[in-house]
Amino acid sequence: MDRLVVTGGVPLHGTVRISGAKNAALPAIAAALLTDEPVELENVPDVVDVGSMLRLVQRLGTSATHVGGAPGRIRLFTPELVSVEAPYDLVRRMRASVLVLGPLLARAGRARVSLPGGCAIGPRPVDLHLKGLERMGATIDLVDGYIEATAPRGLRGAEIEFPQPSVGATENLVMAATLARGTTRIVNAAREPEIVDLARLLLAMGAKIEGAGTDVVTVEGVERLAGARHAILPDRIEAGTYAIAAAITGGRLKIENAPLELLGAAREKLVEAGVELREAENGFEAARANGVLEGVDVVTRPYPGFATDLQAQFMALMCIARGAAMITETIFENRFMHVPELMRMGARITVHGGSALVRGVERLKGAPVMATDLRASVSLVLAALAAEGRTEINRIYHLDRGYESLERKLAAVGARIERVP
Ligand code: UD1
């Protein structure tokens, strides 16, 4: 298994180009199942999760071909569904595989999708996906670890209210509703930019959707969808991660291909902590403003709140801030697996339930650490970039799931980072 070896203490300088958002590419690939015409996606990041999703839709009958001309351009073509089953060996690798459920049910009237197992950041159920589809007329059984869903007479529009916003459930139901009979209204829908991006693709395919990006999304079903071409939006989590990399090392980075407003609530929190963020041509610049970082409290919330996917990275930054920072995680249980690893590097952190109190230290020190989930892993890379000495990060396959060319991008701006097989 590969390891990353980082020698810290080098301020990063230069330009980092942000890739397309993994979390927008995954539903877009699933959405291509809704039509028998070709869908061309651009700016698809070359990460392991995207590879897993492509393998899954290929199993269902999609031909997926890389076409030249633009970075990450992929042509997806599903003239016919050859299977409606998402098997365990593919789904267990990635929870987002469940996003094929809505499109399969809408197009074929049935689907058999393995239940995504519990995962390292808490139980993460899919009950909201299933209840919503039932409201739309699907019959759902759980048999031998599989979701067996049928809608022999097709799906019909329904009123669905979520008790709490779910990104995946909103996406699944919006996709299912595009081909349902009648109008579907999703209340308390998730508002993430990735949902807006999915809606843009579906609109280009001929769907009728209103309110994407607000908490009420209305979808009027249409008879069929057509092919389309769509560029995936930039990855706001990757952009935030590199902004933190600039700040934590005391360097300055130009973050290219991502507008500053994409950072959302993280922008204010970073500025409050003493990070300088300035709009620049085709992106923004990030640096540590006065040399000192201040402890700032954050609470993760559904969009437009502070993203849970940036919580671990922000915590790494707070480890070397002046004063204390209270970091509260409200989206996922058990999303503090980076804490003991950061403490191995000299961080002072106390966890009480869903909150972590970080007391800043002068500097972190290199140590052998272990990557656990995707965002936890990258927080260790950030800490290592700032730490004195050598850090060895084990189990880095999590990083490859969601960060395109992480060590190449970091090395290009001066980081001493190396992948060791
Ligand atoms: C997506 C993102 C993930 C991000 C998360 C929250 C993708 C591929 N992944 O995950 O990176 O961390 O949003 O921003 O886009 N829940 C239920 N029942 C359900 C569905 C969700 O209880 O049926 C709960 C979850 O356990 C969690 C919360 O709702 O506590 C939010 O989860 P959700 O928004 O669904 O996250 P994902 O779509 O899995």
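Here, residues in each chain are numbered from 1, in the same order as that chain's written sequence. Local features are withheld for residues below a pLDDT of 70 in this predicted model, meaning they are given only at 70 or higher, and side-chain atom pairs are given and counted only at 80 or more; totals for whole chains, interfaces and linings count all residues. To obtain the side-chain values, all non-hydrogen atoms of the structure were used and water was disregarded.

Is there a simple way to explain the pairing of strand S13 (residues 216-220) in this structure?
Alternating positions in S13 separate cleanly, Val217 and Val219 being buried on one face and Val216, Thr218 and Glu220 remaining unburied on the opposite face. Only strands that DSSP links by at least two bridges are regarded as paired with each other. Helical segments are the DSSP runs of H or I of at least four residues, strand segments are the runs of E of at least two, and each set is numbered from the N terminus. Both strand S11 (residues 183-187) and S13 contribute to a ladder of 5 bridges, which runs antiparallel. If you follow threonine 183 over to S13, its bridge partner there is glutamate 220. Of the strand pairs in this sheet, strand S12 (residues 208-210) and S13 are connected by 3 bridges, and their pairing is antiparallel. The residue bridging lysine 208 from the neighbouring strand is glutamate 220, located in S13. With antiparallel pairing between neighbouring strands as the criterion, S12 and S13 make up a hairpin whose turn holds 5 residues, including glycine 211 at a positive phi of roughly 90°. Each residue gets one of three labels from its accessible area relative to the maximum for its type: buried under 20%, exposed over 50%, partly exposed in between, using a 1.4 Å probe on protein chains only.

Could you clarify how one ought to interpret the sheet that holds strand S4 (residues 63-66) in this entry?
Each strand in a sheet pairs with its neighbour through backbone hydrogen bonds, running either in the same direction (parallel) or in the opposite one (antiparallel). Taken in spatial order, the 4 strands make up an open sheet running S4-S5-S3-S14, and their pairing is mixed. Both outer strands of the open sheet, S4 and strand S14 (228-231), are each paired with one neighbouring strand and no more. Between one strand and the next, the sheet's axes are offset by a mean angle of 15°, whatever the strand orientation. Taken together, the 4 bridges between strand S3 (residues 39-42) and S14 define a ladder with parallel strand orientation. In this description, a line fitted to the C-alpha atoms serves as the axis of each element, helices being fitted only across the stretch in contact, and the angle between N-to-C directions of two axes falls anywhere from 0 to 180 degrees.

I tried to follow the pattern of salt bridges on my own but got confused; where do I start?
Pairing is possible between side chains that carry opposite charge, provided their charged atoms lie close to one another. The salt bridge definition used is simple: a Lys or Arg side-chain nitrogen within 4 Å of an Asp or Glu carboxyl oxygen. By the definition in use, this model includes 29 salt bridges. The salt bridge involving lysine 131 is made with aspartate 127; its shortest N-O contact spans 3.6 Å. Taken as a pair, lysine 131 and aspartate 127 lie in helix H5 (residues 127-135) at a separation of 4 residues, close to a single helical turn. Its relative accessible area of 33% is what places aspartate 127 among the partly exposed residues. Across the pair aspartate 400 and arginine 419 runs a salt bridge, and its minimum N-O distance is 2.8 Å. On the criterion of sequence distance, the pair formed by aspartate 400 in helix H13 (residues 397-402) and arginine 419 in strand S24 (residues 416-420) is long-range, its members being 19 residues apart. Classification of aspartate 400 by relative accessible area gives partly exposed; the value is 22%. Residue arginine 419 is classed as partly exposed on the basis of its relative accessible area, which comes to 28%. Linked through salt bridges whose partners overlap, the residues forming this network are Asp2, Asp400, Glu407 and Arg419.

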